[in-house]
Structure formats: structure tokens, C-alpha cells
Amino acid sequence: MRLRDIIIWCVCIVLALALLIIAGMRLDYINSQRYEMKLISNEPLENAPPSLAFATVAMGAFRGLVVDVLWMRADKLKDEGQFFDAKQLAEWITTLQPRFASVWDFQSWNMAYNISVAIPATQPEERWRWVKNGYELLRDQGIELNPTSVLLYRQLAFIFQHKIGGVSDDAHKYYKLQLALAMESLLGSADNQHFEALAEAPTDWQQIIKDANVASLITALKSADKAFASDDKFVSNYLSLRQNTSRFEPAASNVIDNFRGTAGLAKLDIFAKAYHLRNTWKLDPVLMHELNKVYGPINWNDPNKHLPLDWRHPDSHAIYWSVKGLQIAAQEQSREIGMDETNTDRMVSHSLQNLFRNGKVFIYEIPAKETSHTFPPATGVSQTQKEIFLRPDLRMFEPYNKSMLATLEKYKALDKDVYESMQIGHRNMLKNA
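All residue numbers here refer to positions counted from 1 along the written sequence of the relevant chain. Totals for whole chains, interfaces and linings use every residue, but because this is a predicted model, local features are given only for residues with pLDDT of at least 70 and side-chain atom pairs only at 80 or more, for both listing and counting. As a rule here, side-chain values cover all heavy atoms of the structure and leave hydrogens and water aside.

The helix and strand labels rest on DSSP assignments: H or I over at least four residues marks a helix, E over at least two residues marks a strand, and numbering proceeds from the N terminus. Along the backbone of the protein there are 19 helices and four strands. Residues classed as buried in the protein amount to 43% of the 433 residues present. Whether two residues are in contact is decided by their heavy atoms, any of which lying within 4.5 Å being enough. Once local pairs closer than 6 in sequence are excluded, the contacts in the protein between residues at least 24 apart make up 66%. The Shrake-Rupley method, run with a 1.4 Å probe, gives the accessible areas here. Residue values count only the displayed protein chains as cover. Carbon and sulfur atoms provide 55% of the accessible area of the protein, an area that totals close to 23700 Å². Relative accessibility under 20% of the residue-type maximum defines a buried residue, over 50% an exposed one, and the middle range a partly exposed one, all with a 1.4 Å probe and only protein chains included.

Structure below.
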């Protein structure tokens, strides 16, 4: 071998070693960035067969092959009606590939639609538990791990609009009632001023306790009942106290009475509701306030102003999550509008139509024997039961019409077929109205 060749070989070897050393030095930084950006998921599977657990560890980067097999098996179980087994497989898939948006879509649909209706209609509380599991899975886990997936926002909106807001399920009135009661305790008959206060409320616990008036109230409640000792559970227990004092020590109710009418109680009340909306319902009061101003029913006394949406209604939630998805889609640069975004736009217009046709919510307490439900009230429970009714809200026509005209303008130059189909839908709505 010539000397020149030997020198070239030596230089290449030295250069290769140097590059390997430099790459190794950067590895820790790269891995830390992957963890910060949540691009790694190595959580072990729980309750998985030993063969699956071994395969996921042994195959490493080839875990995608395991996911393919599990996905085909889950799809087959769904077709066979074995929804609970399909759910278990879907949970393993989400653990193996948490950024696979379609599996979150599949699992939420399976819970809200397939598993829920597998339970007899005479057990609406059990059906509601699975519907709730379905939308909470998307809201609390799927979207958190896939924050740019318009598909998941649309699917979450669809569960509120169709499953809860629709009439295809025999227990649909029970679903509507549970959602309405949960939101009524937080918002009730809140006006625009109340929503503005919610939007401006502190976002975390450390901010609210800096207020001397609120701090004294918090201290008094902690002294009155040990249930308020934990800061993590303080807000939820406070909201429970305001709804049902019998669950707590009488001294806690006395504290509320002593602070009634004070600025401290008013501030804590607003903070607790805003905190619960943000952290439990994942609803941003700032965006809620903005949606009220755009999509809320017009005020007959002043048609230039909008009243707040009724957040007891499932279609208000559908609008919220649809708009969130559209905002995410709009952030993409050099994007092409796909079917997910188009269907999400349709979701907004359809929800506004639903609010026009059935946007007014009425909840009455009536004797249990007069309700449409066939199951008797539980032993020891009052012999009255709440029933929900929905009626047309003509004030919603103008928000729908303005929104639809803006959507038509968006698609006029983008997609002729979509534009024409939306035109037909708009024209039909105008005729019906």
C-alpha cells in the first residue's frame, strides 16, 4: 500500500473517531430535548401479557410492528362486538405510540359510542360514565399529547354535539341533564360581566393567596374543617361546600356566612370557578368570553350586543373545541386546508343551527313517577327528579348567519365543491328559519 493511501486511511479513521466523540457529547443534550418536547414514551405497559411486555422492550425501535398487530386485532375485536377487549388493546397502543392521533380517536369513539350502548338504557348513569370517559380521554390525554391534531379537536366536539346533544341514544336526556347540572353550578345565569371577571381571574393558587382579604378567608376555612387543609384539594372542596354544606363541618358554613358580602368571598368564588374551568374542564375563560361575544345570542334590547352562550348546552362545548381546532390549524404555515379542518368548520355551523333550533335549556324538578325514565329513584332519595327540556332560541339566528357567511367567504376561492355544498346547507337553513 502506498504511503499516500495509508495517510488517507489514518486521516479518515481519526476524523471518524472525532465525529463519534462529538456526537456522543451531544447525545445527552439531544435526549433531554426529546424528553422536554415529549417525543419519548417509555412507560411500561400495565396488566399486559408477558409476551407483549417482552416484545415492546426487546424490539425497541421496531415497536411499530407490535402496534400494527395490536391495531389489526383491536379492529377485529370491534367488528366482533368485543368492545371491552378492544378498549384494552387500544390502551396499549396509546402507551406504545402516544402520538398516533387515530388511536385516541378510535378509543374515545369506542367508549362513547360502542361500550356505552352495550349497557342497558335502564342504567343511564352507567352509560353516561362511558360517554364521559370518552370525551375526557380526548380532552385530558389525547389532545395534551397531540396538541396540533385537528382530528382530535373535531372528534371531541363531535361527541358533545352528536352523542350528548343529539337524540340517537335512548339516554340522551340523561347526558344533557348531567352536563347541564355540572355547568350550572359553575356558571348558572352568568352575564358578560361575570365572564369578564372569570377571564381576568388569577390562574394559579399562589396568585390568589397574595390577596390579604382572600388569605384570611382561606385561613378561616382551613381552621374550620380539615378537608381544606390540602391546597391541592381546596378549590374542589370549596365548590362542594358552596353547593352542599352538609358534607362539611358546620363551622365551615359559619365561615362562609361570616364572609358573605365581602370582597374576599367574591374574589375566591370567581377564582375557584375559573380555576375549575381551566384545570378540570380544560376550558379557558378568556376564549369562552371571546366566543360569547362572537357566537352568543343577540340581545333583543340592543341587537348590536351579544349575550353569553348557555354553557349548559352541549353545542356550546362543541363550538369551543371546534374553534380551538381551527385556531391550531390556522397556525400552520403554508398549509393546505384538509377535510379535518373543513369538517371542523361545518361543526361550528351545525352547532349554531342546533342552538337556534334547541338552544334554550329548561330544568324542572318533577315527581319521579311523571318522568320519562323507567327506573325508580334510589332508596332514601327525594321522590322528585330533575328533567331537562330544550326549546328553540330565535336569538341565535344572527350569530349563525354571520358565522356562515364568513365561512362561505373562506371557502369561496379555496374549494368550489365545499363552497357549493355549504351554500346549499345555508340556503336550506334560511328556508327553515
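Here we come to the packing of helix α18 (residues 397-412) against helix α19 (residues 416-432). Each axis is a line fitted through C-alpha atoms, taken for helices only over the stretch in contact, and angles between the N-to-C directions span 0 to 180 degrees. For the pair α18 and α19, the least separation of the axes is 9 Å and the interaxial angle reads 165°. Taken together, α18 and α19 sit at an angle that is classed as roughly antiparallel. Judged by the sense of rotation from one axis to the other, the crossing of α18 with α19 is left-handed. In contact with Phe-397, Tyr-400, Asn-401, Met-404, Leu-405, Thr-407, Leu-408, Tyr-411 and Lys-412 of α18, α19 contributes Val-418, Tyr-419, Met-422, Gln-423, Gly-425, His-426, Met-429 and Leu-430. Here the angle decides the label: under 35 degrees means roughly parallel, over 145 means roughly antiparallel, 65 to 115 means roughly perpendicular, and every other value means oblique. Handedness of a crossing is defined here by the sense of rotation of the near helix relative to the far one, left-handed for an anticlockwise turn of less than a right angle and right-handed for a clockwise turn.

Two joining distances apply to patches: 9 Å for like charges and 5 Å for nonpolar side chains (Val, Leu, Ile, Met, Phe, Trp, Tyr), and every residue must have over 30% relative accessible area and no salt bridge. The rule for a salt bridge is simple: a side-chain nitrogen of Lys or Arg has to be within 4 Å of a carboxyl oxygen of Asp or Glu. Where nonpolar side chains cluster on the molecular surface, the patch consists of Leu-3, Ile-6, Ile-7 and Val-11 and spans about 370 Å² of accessible area. Here Ile-7 is to be found in helix α1 (residues 3-36). Looking at Ile-7, the relative accessible area reads 46%, which means it is partly exposed.

Each Phe, Tyr or Trp ring, with Trp reduced to its six-membered ring, pairs with another whose centre is within 6.5 Å; inter-plane angles below 30 degrees give stacked pairs, above 60 give edge-to-face pairs, and intermediate values give tilted ones. Applying the stated rule across the entire model yields 17 aromatic pairs. Ring centres of Trp-128 and Tyr-135 lie 6.2 Å apart, and the angle between their planes is 55°; this geometry places the pair in the tilted category. Given the relative accessible area of 9%, Trp-128 is considered buried. Of the residues examined, Tyr-135 reaches a relative accessible area of 0% and is grouped as buried. Ring centres of Tyr-135 and Phe-160 lie 4.8 Å apart, and the angle between their planes is 40°; this geometry places the pair in the tilted category. With a gap of 25 residues between them, Tyr-135 in helix α6 (residues 124-145) and Phe-160 in helix α7 (residues 150-164) connect regions that are remote in the sequence. Judged by relative accessible area, Phe-160 falls into the buried class, the value being 1%. In our convention, an over-ring charge means Lys NZ or Arg CZ found within 6 Å of a ring centre and within 35 degrees of that ring's normal. Between the NZ or CZ atom of Lys-163 and the centre of the ring of Tyr-113, over which it lies, the distance is 4.8 Å. The ring of Phe-389 carries the charged tip of Lys-173 above its face, separated from the ring centre by 4.4 Å.

With that settled, the discussion passes to unusual backbone geometry. The backbone phi angle of Lys-282 is positive, close to 55°, even though this residue is not glycine. For Lys-282, the location among the structural elements is in the loop between α14 (263-279) and α15 (285-295). On the accessibility criterion, Lys-282 (31% relative accessible area) is partly exposed.

The next subject is the nonpolar core. The set of buried Ala, Val, Leu, Ile, Met, Phe, Trp, Tyr and Cys residues whose side-chain atoms join them within 4.5 Å is what this entry labels a nonpolar core. Counting 101 residues, the largest nonpolar core has Leu-187, Leu-221, Tyr-238 and Trp-311 as its most contacted members. In this structure, Leu-177, Ala-180, Val-361 and Ile-388 belong to the second largest nonpolar core, which totals five residues.

A few words on the environment of Leu-408. Locating Leu-408 in the fold gives a position in helix α18. Those residues within four positions of Leu-408 in sequence are excluded, and the remaining contacts are Tyr-419, Met-422, Gln-423 and His-426.

With that settled, the discussion passes to helix α4 (residues 83-96). The terminal C-alpha atoms of α4 lie 20 Å apart, and with 14 residues this matches the ideal 20 Å at 1.5 Å per residue to within 8%. Within α4, the full set of buried residues consists of Phe-83, Ala-86, Lys-87, Leu-89, Ala-90, Trp-92, Ile-93, Thr-94 and Leu-96. Multiplying one less than the number of residues by 1.5 Å gives the expected span of a helix.

Let's shift gears to the pairing of strand β2 (residues 302-306). As paired elements, strand β1 (residues 298-299) and β2 share two bridges and run antiparallel to each other. If you follow Asn-299 over to β2, its bridge partner there is Asp-302. Following DSSP output, two strands are said to pair if at least two bridges run between them. Where β1 hands over to β2, the hairpin turn is made up of two residues, counted between the paired strands.

A separate point is helix α9 (residues 192-200). Buried residues of α9: Phe-195, Leu-198 and Ala-199, and no others. Projection of α9 onto a plane perpendicular to its axis shows the buried side chains occupying an angular sector of 100°, all on one side. Exposed side chains of α9 directed beyond 90 degrees from the buried face belong to Gln-193 and Glu-200. Directions pointing from the helix axis toward each C-beta atom define the arc.

On to the confidence of the model for the protein. Confidence of the predictor at the level of single residues is given by pLDDT, which spans 0 to 100. Mean pLDDT over the protein stands at 88; residues scoring 70 or higher make up 89%. Note on residues 374-381: pLDDT under 50 across the span, and seven contacts to partners over four residues away in sequence or across chains.

Secondary-structure assignment places Ser-322 in helix α16 (residues 314-330). Look at Ser-322 and you get buried, because its relative accessible area is 0%. Identification of polar contacts relies on pairs of N or O atoms within 3.5 Å, with a donor-acceptor requirement for protein atoms, meaning one able to donate a hydrogen and the other able to accept it, and with residues adjacent in sequence counted only if both atoms are side-chain atoms. One polar contact links the side chain of Ser-322 to the main-chain carbonyl oxygen of Ala-318, over a distance of 2.8 Å. When sequence neighbours within four positions are dropped, the list of residues in contact with Ser-322 reads Ala-157, Thr-344, Met-347 and Val-348.

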